[in-house]
Every structure is written in structure tokens, then in C-alpha cells.
Amino acid sequence: MFEKIFIVFCIAYFVLNPLSEVKALNARTMQEYEFIGTWKGEGKIIVGWCNQKQLSFELRIDLEGNVSGKIGDAHIRSGKIKLNNIIYRWLGNSEYIIDAKLSNYLIEKEEIKRESIRIFLDFKQASFTGGFHTSGSKSGGKEKMILSGASVKLVK
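Asks: Describe the overall build of the chain, naming the residues involved and giving the relevant values.
Replies: Regarding its fold elements, the chain presents three helices and eight strands. When the helices and strands of the chain are read in sequence order from the N terminus, they spell out α-α-β-β-β-β-α-β-β-β-β. Residues classed as buried in the chain amount to 31% of the 156 residues present. Across the chain, the fraction of contacts at a sequence separation of at least 24, relative to all contacts at a separation of at least 6, is 50%. When the accessible surface of the chain is summed, it comes to about 9,700 Å², and 55% of that surface belongs to carbon and sulfur atoms.

Asks: I'd like to hear about the nonpolar core, residue by residue, with values.
Replies: Grouped together as the largest cluster of nonpolar side chains are 29 residues, with contacts concentrated most on Ile71, Ile119, Phe128 and Phe132. Among the secondary structure elements, those contributing two or more residues to this core are strand S1 (37-45), strand S2 (54-61), strand S3 (66-71), strand S4 (74-83), strand S5 (96-103), strand S6 (116-124), strand S7 (127-134) and strand S8 (148-155).

Asks: Go over the sheet that holds S4 with me, naming the residues and quoting the values.
Replies: Read around the closed barrel, eight strands run S1-S2-S3-S4-S5-S6-S7-S8, paired in antiparallel fashion. Each strand of the sheet is rotated relative to its neighbour by a mean of 30°, with strand direction disregarded. Bridge analysis of S2 against S3 gives five bridges, and the strand direction is antiparallel. Residue pairing for S3: Phe57 is matched across the bridge by Ile71.

Asks: Which residues make up the pattern of salt bridges, and what values go with them?
Replies: Once their charged atoms are close, side chains differing in charge can pair, the charge on each being opposite to the other. All chains considered together, the criterion is met by three salt bridges. With a closest N to O distance of 3.3 Å, Asp99 and Lys82 form a salt bridge. Taken together, the residues span a long stretch of sequence, with Asp99 in strand S5 and Lys82 in strand S4 at a distance of 17 residues. Using a relative accessible area of 22% as the deciding quantity, one classes Asp99 as partly exposed.

Reading guide: rules and limits
- Residues numbered from 1 in each chain as written.
- Predicted model: local features only at pLDDT ≥ 70, side-chain atom pairs only at ≥ 80, totals over all residues.
- Heavy atoms only, no water.
- Helix = DSSP H or I, 4+ residues; strand = E, 2+ residues; numbered from the N terminus.
- Buried < 20%, exposed > 50% of the residue type's maximum accessible area, 1.4 Å probe, protein only.
- Contact = heavy atoms within 4.5 Å.
- Areas by Shrake-Rupley, 256 points an atom, 1.4 Å probe, with all protein chains shown as cover.
- Core = buried A, V, L, I, M, F, W, Y, C linked by side-chain atoms within 4.5 Å.
- Pairing = 2+ DSSP bridges.
- Axes fitted to C-alpha atoms, helices over the stretch in contact; angles between N-to-C directions.
- Salt bridge = Lys/Arg side-chain N within 4 Å of Asp/Glu carboxyl O.

Spelled out as C-alpha cells, the structure:
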């Protein structure tokens, strides 16, 4: 009886453990991939209600995986780069995620403001490529809808 309970526990542990959040990159990994530094670039805005078609990025990544800088007109607060969930990566999603809080307008000219952003990135040939989604709702236009983008390319 004890063996059956132990086997069920082990199976449940190994099935559910990969679903937990992966820790931020450690210092050794960060140095290996040369992530530390300032990354600049832009991404294409893919929502129809926004007049601006590109969004600029200037990200600074430190040794602990903290991210600061600017996205559009907004300043990054409490940004962090981490490995994406292993199952999502196996399904073909991006390798890394940056989650960050935003302050000020994302696009000041259009008065578009969002609380946070999630950037999905892959590291290939000394650059980051991917896309992004801001906080917001699935409907509501520029006042409250998610601002999404693709074709993000960041270089050092």
C-alpha cells in the first residue's frame, strides 16, 4: 500500500513540478549568454486602434536579471528576465520572458497608458527577437485594451 502511495506521489511531483515558475537566470548563465548590458531596438505594434506603428525599447539587464530602462515613453519599474516555463518552451513558445511594471504613458502622444508589459524573447545570433503584450482588457480600444506587438528585435 505504501509503495502505491509513494509512486503516485512521485508521478504527481514530476508532472506538476515543471509547471512551477522557473527562477530568474543565475549569474553564471547571464554571463554565458552575454545578456548583461543595454539592449535597444523596436517592435511593430499590431493593434488597429493605435496610430503609432512602432514601439521603441531600451532595456538594461543586470547580473541578477533585473531589467530597467524605457519602452516607448514609459519607464520600466520592477522588471525581471526569466526563463519561460519548460512546457511552453517545448510547445514552441519563446525561451525568455521579461515582466515589468510601467510608469507614465506608453505612448504619450496618443495618451495610451498601461500598468505592465510582458515581453517574449528568444536569444539568437547575439540579439533578442520576439513580441509583447501589455496589461489591459480584451476589448475597449485605446483606453483600456491590451497593446500587442511583434517583430521585436533588440541588439546591444
